[in-house]
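The chain contents come next:
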Amino acid sequence: MIPTSAPRSVASNAIAELERHAYRIRRFAVRMGGSLGQGLTIAVGMALGLRLKGNPAFVYNSMSDGELDEGATWKAAMAAAHHKLGNLIVLVDLN
């Protein structure tokens, strides 16, 4: 998360880091890439695993609007709702 008090150049640099592939992002990304619809299923598994371990961390999943057409995405969303995963944050890029 970028603090709201951060200078514009710091915020711009942090956002620029998120535009790269995962092997270049060392502080944020654990997993990126793969087939459409795969990201949310992995994020749900990570969020559930963290909750079962008692870890209060959040899992953030950034996905494109194209992934909303994949059945695996909706199955993962239903699983997240079923398990009431409050530690899962999904960001959808509608472009």
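Residues numbered from 1 in each chain as written. Predicted model: local features only at pLDDT ≥ 70, side-chain atom pairs only at ≥ 80, totals over all residues. Heavy atoms only, no water.

A separate point is helix α3 (residues 71-82). In this model α3 runs 16 Å from its N-terminal to its C-terminal C-alpha over 12 residues, within 8% of the 16 Å that 1.5 Å per residue would give. Taken as a whole, α3 has its buried residues at T73, A76 and A80. All buried residues of α3 project into a common sector of 65° when viewed along the axis, lining one side. Facing away from the buried side of α3 by over 90 degrees, the exposed positions are K75, M78, A81 and H82. The secondary structure elements touched by the buried residues of α3 are α2 (38-53), β1 (59-64) and β2 (88-93). K84 sits one or two positions beyond α3 and adopts a positive phi of about 50°. (Helix = DSSP H or I, 4+ residues; strand = E, 2+ residues; numbered from the N terminus. Expected span 1.5 Å × (residues − 1). Buried < 20%, exposed > 50% of the residue type's maximum accessible area, 1.4 Å probe, protein only. Arc of directions from axis to C-beta. Contact = heavy atoms within 4.5 Å.)

Let's shift gears to the side chain of N61. Inspection of the secondary structure assignment puts N61 in strand β1. In contact with N61, not counting residues within four places along its chain, are G39, L40, A43, I89, V90 and L91.

Time to look at unusual backbone geometry. Despite not being glycine, K84 has its phi angle at roughly 50°, a positive value. Its location among the elements puts K84 in the loop between α3 and β2.

Once that is clear, we can look at the pairing of β2. Pairing of β1 with β2, which is carried by six bridges, proceeds in the parallel orientation. Looking across to β2, one finds that Y60 is bridged to I89. (Pairing = 2+ DSSP bridges.)

The subject of this paragraph is the packing of aromatic side chains. Going through the model one piece at a time under the given rule, you end up with one aromatic pair. Between F58 and Y60, the ring centres sit 6.5 Å apart and the planes meet at 35°, which makes this aromatic pair tilted. (Phe/Tyr/Trp six-rings, centres within 6.5 Å; stacked < 30°, edge-to-face > 60°.)

So, about the confidence of the model for the protein. Should the pLDDT be low somewhere, the predicted coordinates at that spot are not to be read in detail. Across the protein, the average pLDDT comes to 77, with 64% of residues at 70 or higher. The low-confidence segment residues 1-8, where pLDDT is below 50, has three contacts with residues more than four positions distant or belonging to other chains. (pLDDT = per-residue confidence, 0-100.)

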